[in-house]
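Single-letter residue listing:
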Amino acid sequence: MAKSVRRQQVETAITYPLDWIEERSGLVGAVRYFLFRNVPRDTDWFHTLGSATLTAFIVQAVTGIILAMYYKPDPNSAYESIQNITNHVTMGWLVRGMHKWGASVFIILMFLHMGRVFLFGAYKYPRELNWILGVLLLVTGMFEGFTGYLLPWDQTAYWASVVGINLNGTAPFLGPWIASILRGGSEIGPDTLSRFYSLHMLVLPAAIAGLIGLHLYLVIRLGVSSPPWSKEAAGADRPEPEPSDVRAGLVQPRPRGGVAE
Ligand code: HEM
């Protein structure tokens, strides 16, 4: 049946800007590839833990940006600014609560996701590099939590940071140096607060976002692994893909089982 003129106009209005972007960037094709790529048919709820972790990170980023608009990283006003956010800023209690509890949710989800990857053996060839990126994400994620804990500048925050910094200070050889870098001097004070604030809202979120980008790039490039009980799991009896189908790198990977050609 012929399309009505009206419908053709609507379709052109929608596809024209998309075609314009696609022709100049290839981005539409990339998004289409991302959304419609094949995943194993027997993926299950355990495979959603990575996306859940990503969602938790995005919530932390959005609530953190809002908090940064009201927080004052100075020992004389940090505590009051937190009280102001909690008691006076519209919905401030909610945003602060989401950020505070969301931090634990983020860390817990990261561990659950890592546990899933470990128990499913999804860290094995060819996903070792993604595991290494994951470990870096775990370390930066926990450092993010540590630096955020000082910011309310109350007794709990102060003494928890004293303990954390002193613990690091007991590391062999590098300990005293690490402790001094974290403190920004010989005592915990205004410089420590500025330092933790800068790390917490600039350096670490940027590092985590970059690492997540690389992590997801590898997830898309390598594909999601099947559960270990799957008939399609690695090691199951099925033909090897031709090396040329897999990837074109400087070094061609050996087939599973490690038999050299
Ligand atoms: C900010 C933290 C993290 C985010 C946002 C994240 C996100 C994701 C997503 C969306 C996937 C694909 C879906 C899935 O398998 O769940 C994935 C897969 C993977 N992640 Fe993470 N991840 C994080 C931390 C970690 C950690 C801590 C590890 C391990 C140390 C890790 C190792 C892996 C591996 C090896 C895969 C591939 C799994 C497969 O192909 O089945 N990730 N990640």
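One can find the structure itself at the top, above this paragraph.
Overview of the structure. (Residues numbered from 1 in each chain as written. Predicted model: local features only at pLDDT ≥ 70, side-chain atom pairs only at ≥ 80, totals over all residues. Heavy atoms only, no water.)

1. A closer look at the overall build of the protein chain
A count of helical and extended segments in the protein chain gives 10 helices and zero strands. Listing every helix and strand of the protein chain by position from the N terminus yields α-α-α-α-α-α-α-α-α-α. Expressed as a percentage of the 261 residues in the protein chain, the buried residues total 28%. Long-range contacts, defined here as pairs at least 24 residues apart, represent 68% of the contacts in the protein chain between residues at least 6 apart. Accessible surface, the protein chain: about 17,600 Å² in total, of which carbon and sulfur atoms supply 67%. (Helix = DSSP H or I, 4+ residues; strand = E, 2+ residues; numbered from the N terminus. Buried < 20%, exposed > 50% of the residue type's maximum accessible area, 1.4 Å probe, protein only. Contact = heavy atoms within 4.5 Å. Areas by Shrake-Rupley, 256 points an atom, 1.4 Å probe, with all protein chains shown as cover.)

2. Here we look at the packing of aromatic side chains
Scanning all chains against the criterion turns up 10 aromatic pairs. For the pair F57 and F106, a centre-to-centre distance of 6.0 Å together with 40 degrees between the ring planes defines the contact as tilted. Taken together, the residues F57 in helix α3 (residues 49-68) and F106 in helix α5 (residues 92-119) connect sequence positions 49 residues apart. The buried category is assigned to F57, whose relative accessible area is 14%. Note on Y71 and Y197: the rings are 5.4 Å apart at their centroids and 45 degrees apart in plane angle, and the pair reads as tilted. Of this pair, Y71 sits in the loop between α3 and α4 (78-87) while Y197 sits in helix α9 (residues 190-222), and the two are 126 residues apart along the sequence. (Phe/Tyr/Trp six-rings, centres within 6.5 Å; stacked < 30°, edge-to-face > 60°.)

Geometry only, nothing functional implied.
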